[in-house]
Amino acid sequence: MTQEQLEVNSYPMADLPVFADYIKTTPGTPTAKNGNAGDSINIRRKIIAMDCEMVRTCKGLELARLSIVDFQYKVIYDHFVTPENPVEDYLTKYSGITAEILKKAKKTFKDAQQDFLRLCSADTILVGHSLENDLNCLGVIHTKIIDTSVLFQNNKGFKSSLKSLSYNYLHADI
């Protein structure tokens, strides 16, 4: 996406004070924690796809699940995340998340954020649908984006839902 597209679509931007507390992805090549290059969580990728599920808390939307796949569609990260504040609405209709599921969450917000940064450098191409929501929820600034909601806008110039895109282009009902 261009800088203008990022701005128009409300992506977190490093030069705006409202995002001062966000963490920016850093340049880098694949890295491994503890020297274990085979550990997939510690290898930065060239391209990944991401989706976040959120719940509503007293502070607004908070991260409840982070899922990442690599270029070969391999799930390299899929964890439920304990919100930092009390949950008011699990948004189960959209997220599939329930109180029972979140009780089993082993990751904190900071854990998930740091895990994401281990997988995604500033050079990584990040693919997803309306990723501005996911990046805002994750508190991360990243600018190498392929956003299907921007690429495949409907004939009126509005963003299409992922459900609509899946049906129209993949003939899949999600």
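Structural data are supplied above this passage.
Each value, and the rule that gives it
Counting restarts for each chain: residues are numbered from 1 in the order of the written sequence. Only residues with pLDDT of 70 or above have their local features reported here, since the model is predicted, and side-chain atom pairs are shown and tallied only from 80 upward, although totals for entire chains, interfaces and linings are computed over all residues. Hydrogens and water molecules were not included; the side-chain quantities draw on all heavy atoms of the structure. Note on pairing: DSSP must find at least two bridges between two strands before they are called paired. Runs of E in the DSSP output that reach at least two residues are strands. Runs of H or I that reach at least four are helices, and both are numbered from the N terminus. Salt bridge, as used here: a side-chain nitrogen of Lys or Arg that lies within 4 Å of a carboxyl oxygen of Asp or Glu. A fitted line through C-alpha atoms represents every axis, and for helices the fit uses only the stretch in contact; the resulting angles, taken between N-to-C directions, go from 0 to 180 degrees. By definition in this entry, angles of less than 35 degrees are roughly parallel, angles greater than 145 are roughly antiparallel, angles of 65 to 115 are roughly perpendicular, and the rest are oblique. We call two residues in contact when some of their heavy atoms are within 4.5 Å. Gly falls in the polar group here, along with every residue not listed as nonpolar (Ala, Val, Leu, Ile, Met, Phe, Trp, Tyr, Cys, Pro) or charged (Asp, Glu, Lys, Arg). Polar contacts here mean pairs of N or O atoms no more than 3.5 Å apart (in protein, one a potential hydrogen donor and the other a potential acceptor; neighbouring residues in sequence count only if both atoms are side-chain atoms). We call a pair of cysteine sulfur atoms a disulfide when they lie within 2.5 Å. Any residue under 20% of the maximum accessible area for its type is buried, any over 50% is exposed, and the rest in between are partly exposed; the area is computed with a 1.4 Å probe on protein chains only.

**Student:** Requested: an account of the pairing of strand β4 (residues 75-82), with residues and values cited.
**Tutor:** Of the pairings in the sheet, the one linking strand β3 (residues 60-70) to β4 comprises five bridges and is antiparallel in character. Looking across to β4, one finds that V69 is bridged to V75. The antiparallel pairing of β3 with β4 creates a hairpin that spans four residues between the two strands, and Y73 there sits at a positive phi of about 70 degrees. Both β4 and strand β6 (residues 107-108) contribute to a ladder of two bridges, which runs parallel. Following the sheet pairing, T82 is matched in β6 by T108.

**Student:** Which residues make up the pattern of salt bridges, and what are the values?
**Tutor:** Taken as a whole, this structure holds four salt bridges when the rule is applied. The residue K107 makes a salt bridge to D115 at a minimum N-O spacing of 2.9 Å. Connected through shared salt-bridge partners, K107, D115 and R118 make up one network.

**Student:** An account of the packing of helix α4 (residues 109-119) against helix α5 (residues 131-138) is requested, with residue identities and associated values reported.
**Tutor:** Where α4 contacts α5, the two axes come as close as 10 Å, and the packing angle between them is 120 degrees. On the basis of the axis angle, α4 is oblique to α5. Residues F109, A112, Q113 and F116 of α4 lie in contact with α5, whose contacting residues are L135, C137 and L138. Within the contact of α4 with α5, the residues separate by chemical class into six nonpolar, one polar and no charged.

**Student:** Account for the side chain of K107, with residues named and values stated.
**Tutor:** Mapped onto the secondary structure, K107 falls in strand β6. At 2.9 Å, the side chain of K107 and the side chain of D115 are in polar contact. The contacts of K107, once residues within four sequence positions are left out, are Y77, H79, F80, V81, T82 and D115.

**Student:** Quick rundown of the state of the cysteines? Include the residues and the values.
**Tutor:** Overall, the coordinates contain zero disulfides when judged by the stated rule. In this structure C52 is not part of a disulfide, and its nearest cysteine sulfur, from C137, lies 6.0 Å away. Judged by its relative accessible area of 4%, C52 is buried. Under the relative-accessibility criterion, C137 is labelled buried at 12%.

**Student:** Pulling in residues and values, what's your account of the environment of M13?
**Tutor:** For M13, the location among the structural elements is in the loop between α1 (3-8) and β1 (23-24). Taking the relative accessible area as the measure of exposure, M13 reaches 5% and is therefore buried. Each C-alpha atom of the pair M13 and V140 lies 9.3 Å from the other, and the pair is 127 residues apart in sequence. Setting aside its immediate chain neighbours within four residues, M13 contacts Q3, L6, E7, F19 and I141.

**Student:** An account of the side chain of H129 is requested, with residue identities and associated values reported.
**Tutor:** On the secondary structure map, H129 appears in the loop between β7 (125-128) and α5. A relative accessible area of 18% means that H129 is categorised as buried. A polar side-chain atom of H129 sits 2.7 Å from a polar atom in the side chain of T148. With sequence-adjacent residues up to four places away left out, H129 is seen in contact with D147, T148, S149, S160, S161, L162 and L165.

On their own, these measurements won't tell you what the molecule is for.
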